[in-house]
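Residue-level structure breakdown
Chain residues, written in single-letter form:
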Amino acid sequence: MLILLPPSEGKASSGDGPPLELGTLTLPRCTPVRERVLEALIALCDGPEEAAREVLGLSPGQADAVVRNRTLRSAPTLSAAELYTGVLYDTLDLATLDAEARERAAGSILIFSGLWGALRIDDRVPPYRLAMGVNLPSLGALAAVWRPILSHDLPALADGRLIVDMRSAPYAAAWRPGGPTVAVRVVRERIVGGVVKRSVVSHMAKATRGVIARDLIISGAAPESPSQLAKVLSDLGHVVEMEEPTRADGTWTADIVLSE
């Protein structure tokens, strides 16, 4: 099983490890692309701050992110497990996993990133700000920049493994798995006027996906098919409904149902 996660906007503000070494990161064949994206980001942030904030989608109060981006080559690093601090990662809570579960997480989780392409939780990088939806000057849309190399290298990593995809749309655009894939969707069920109604939820979805990822890691389960994944999640106490794709090579959808 391979769990695909997005990064989070919330990040630790500093690390305490050695400076960045691109060649040590997961998927070392991505190094030339990482170098290009890194160089373009630093060049952008070395220019006028207002222009950099506009491209990166940052407010005036987030000017410190532009400053950090200027020093990415020399800044102290920390593990991806420590870097991401958003809602999904708060509920995933990697720091509290025991040694065996932590090892499973290291082998099962892949975090997608606009700057690094894809990371394992033990990869060390400095705090940064660059979403996959950004169009960097001289490079263009980042998903299109990453798609060729990820499409070349990730199939070998994913070969024979069920993909549990929890990425948001911009990160999913960087790589479409070719093997059996289940996208996790979170829906809320309410009774309105005696009628059961469902709606897709957004913010609560991040926390729920974090819980799902954590439960799968702690359980040690290794589902090999969507039906096996549905059974594992049900046994773990989740209400799940599996929806088949309309095409033979399409993505399954696991609806995680929350009730009010």
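For the structure itself, look to the data block above.
In short, a report on the structure. (Residues numbered from 1 in each chain as written. Predicted model: local features only at pLDDT ≥ 70, side-chain atom pairs only at ≥ 80, totals over all residues. Heavy atoms only, no water.)

**With respect to the pairing of strand β3 (residues 109-113)**
Counting buried positions along β3 gives 5 out of 5 residues, so the element sits mostly inside the fold. The alternating pattern of β3 places I109, I111 and S113 on one face and L110 and F112 on the opposite face, and all of these are buried. Bridge count for β3 against strand β4 (residues 117-119) is 3 bridges, and the pairing is antiparallel. Within β4, the position partnered with S113 by the bridge is G117. Between β3 and β4, which pair antiparallel one after the other, the connecting turn spans 3 residues. (Buried < 20%, exposed > 50% of the residue type's maximum accessible area, 1.4 Å probe, protein only. Helix = DSSP H or I, 4+ residues; strand = E, 2+ residues; numbered from the N terminus. Pairing = 2+ DSSP bridges.)

**Notes on the nonpolar core**
Counting residues in each nonpolar core, the largest one holds 81 residues, and the members touching the most others are I3, I109, W116, L130, W146 and L150. Not counting residues up to four positions away in its chain, the partners in contact with L150 are L27, C30, F112, G117, A118, P155, A174 and W175. (Core = buried A, V, L, I, M, F, W, Y, C linked by side-chain atoms within 4.5 Å. Contact = heavy atoms within 4.5 Å.)

**Concerning the environment of I3**
Considering the arrangement of structural elements, one finds I3 in strand β1 (residues 2-5). Classification of I3 as buried rests on a relative accessible area of 0%. When sequence neighbours within four positions are dropped, the list of residues in contact with I3 reads S108, I109, L110, V164, M166, A213, L216 and I217.

**A look at the packing of aromatic side chains**
Applying the stated criterion to the full structure yields 3 aromatic pairs. Between F112 and W175, the aromatic rings sit 6.5 Å apart at their centres with planes inclined by 10°, giving stacked as the arrangement. A residue pair is termed long-range when its members are at least 10 positions apart, and F112 in strand β3 and W175 in the loop between α8 (169-172) and β9 (181-192) qualify at 63 residues. Across this residue pair, the class does not change: F112 and W175 are buried. Seen from the ring of F112, R167 lies directly overhead, with NZ or CZ sitting 4.5 Å from the centre. (Phe/Tyr/Trp six-rings, centres within 6.5 Å; stacked < 30°, edge-to-face > 60°. Lys NZ or Arg CZ within 6 Å of the ring centre and 35° of its normal.)

Read these as layout, nothing more, since geometry by itself doesn't imply function.
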